[in-house]
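The primary structure of each chain is shown beneath.
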Amino acid sequence: KFNSKSMLCAWVTKLCPAHCESCFFKSNMYRDGVPDEKYQFSEYGLDRLIKFINDSNNSYLMLSGGGEPMVRKDAVNRIIRETKTDRIVIVTSAIWAKTYESAKKTIDELYQSYLARNDDAVVIVRLSVDSFHYKPLGFDVIDNVIRVFRESYSKCKNFQLRIHTMQRDETLEKVADMIGD
């Protein structure tokens, strides 16, 4: 019998419009400009995923891999609102943050979903800052996300921004110099 908490990683979609040169998930997942169903959760699949998460006695849920989770903002927000877990980590390239307005709108939606939980769970937006994402997406997506968190959510203990990078990748230092204080 296993009574301890578990950790889950879910891929809500394999779609990502970033077209990073080094992405090993890169493939043509569109047929006539429409995503092929097998590359993302249907509503039925999302219902089943949420039930599985809630039945699993988990403490850590990561929404990641295979694509950009925020391509399915609807699914991510629903998972935040409806799952029973102690921590949700959303791994993102922030391709959705090309403008400050789009970053603010998306992060505000995530925050409202977090507030709907009405518990002590932690929701983390984990931003990938590395040369692989920086090359196709640039500085603005990173800057916009950081600005929104600084201006609106810096005092929120359980709604957090975390930065993820690669070992020996100098992109984070470059970005830090550009952002300044």
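This text follows the structure it describes.
**Q** Mind showing me how you'd approach unusual backbone geometry here?
**A** Negative phi characterises most residues that are not glycine, and trans characterises most peptide bonds. The phi angle at Asn57 is positive, at roughly 50°, despite the residue not being glycine. Looking at the secondary structure, you find Asn57 in the loop between helix H1 (43–55) and strand S4 (58–63). Look at Asn57 and you get partly exposed, because its relative accessible area is 35%. Despite not being glycine, Ala94 shows a phi value in the positive range, around 70°. Here Ala94 lies in the loop between strand S5 (87–92) and helix H3 (100–117).

**Q** Explanation requested: the packing of H1 against helix H2 (residues 73–82) in the structure shown.
**A** Geometry of a packed helix pair, given as the angle between the helix axes and the separation of the axes. Packing of H1 against H2 leaves a shortest axis separation of 11 Å and a crossing angle of 30°. When the axes of H1 and H2 are compared, the pair comes out roughly parallel. Considering the relative orientation of H1 and H2, their crossing is right-handed. Mapping the contact onto sequence places Glu43, Leu46, Asp47, Leu49, Ile50 and Asn54 in H1 and Asp74, Ala75, Arg78, Ile79 and Glu82 in H2.

**Q** Can you help me understand the sheet that holds strand S1 (residues 6–10) in this one?
**A** What holds strands together in a sheet is hydrogen bonding between their backbones, with the strands either parallel or antiparallel. Across the sheet, five strands lie side by side as S1-S4-S5-S6-S7; this open sheet has parallel pairing. Each edge of the open sheet is held by one strand with a lone partner, namely S1 and strand S7 (159–164). Ignoring strand direction, the axes of neighbouring strands in this sheet form an average angle of 20°. One ladder, built from five bridges, connects S1 with S4; its direction is parallel. Following the sheet pairing, Ala10 is matched in S4 by Leu63. Each of S4, S5 and strand S6 (122–128) is contacted by H2, which is oriented at about 165° to S5, the strand it contacts most. With respect to the sheet, helix H5 (residues 140–153) is in contact with S6 and S7, its orientation differing from that of S7 by roughly 150°.

**Q** Looking at this structure, I do not really get the packing of H3 against H5. What am I missing?
**A** Close contact between H3 and H5 brings their axes to 9 Å; oriented N to C, the two are set at 55°. Relative to H5, the element H3 lies oblique. For the pair H3 and H5, the sense of crossing is right-handed. Along the contact surface, H3 presents Tyr100, Ala103, Lys104, Ile107, Asp108 and Tyr111, while H5 presents Asn144, Val145, Arg147, Val148, Phe149, Glu151, Ser152 and Tyr153. Of the residues belonging to the contact of H3 with H5, the class tally is eight nonpolar, two polar and four charged.

Thresholds, definitions, all that
Residues numbered from 1 in each chain as written. Predicted model: local features only at pLDDT ≥ 70, side-chain atom pairs only at ≥ 80, totals over all residues. Heavy atoms only, no water. Helix = DSSP H or I, 4+ residues; strand = E, 2+ residues; numbered from the N terminus. Buried < 20%, exposed > 50% of the residue type's maximum accessible area, 1.4 Å probe, protein only. Axes fitted to C-alpha atoms, helices over the stretch in contact; angles between N-to-C directions. Parallel < 35°, antiparallel > 145°, perpendicular 65-115°, else oblique. Left-handed = near helix turned anticlockwise from the far one by under 90°. Contact = heavy atoms within 4.5 Å. Pairing = 2+ DSSP bridges. Nonpolar A, V, L, I, M, F, W, Y, C, P; charged D, E, K, R; others polar.

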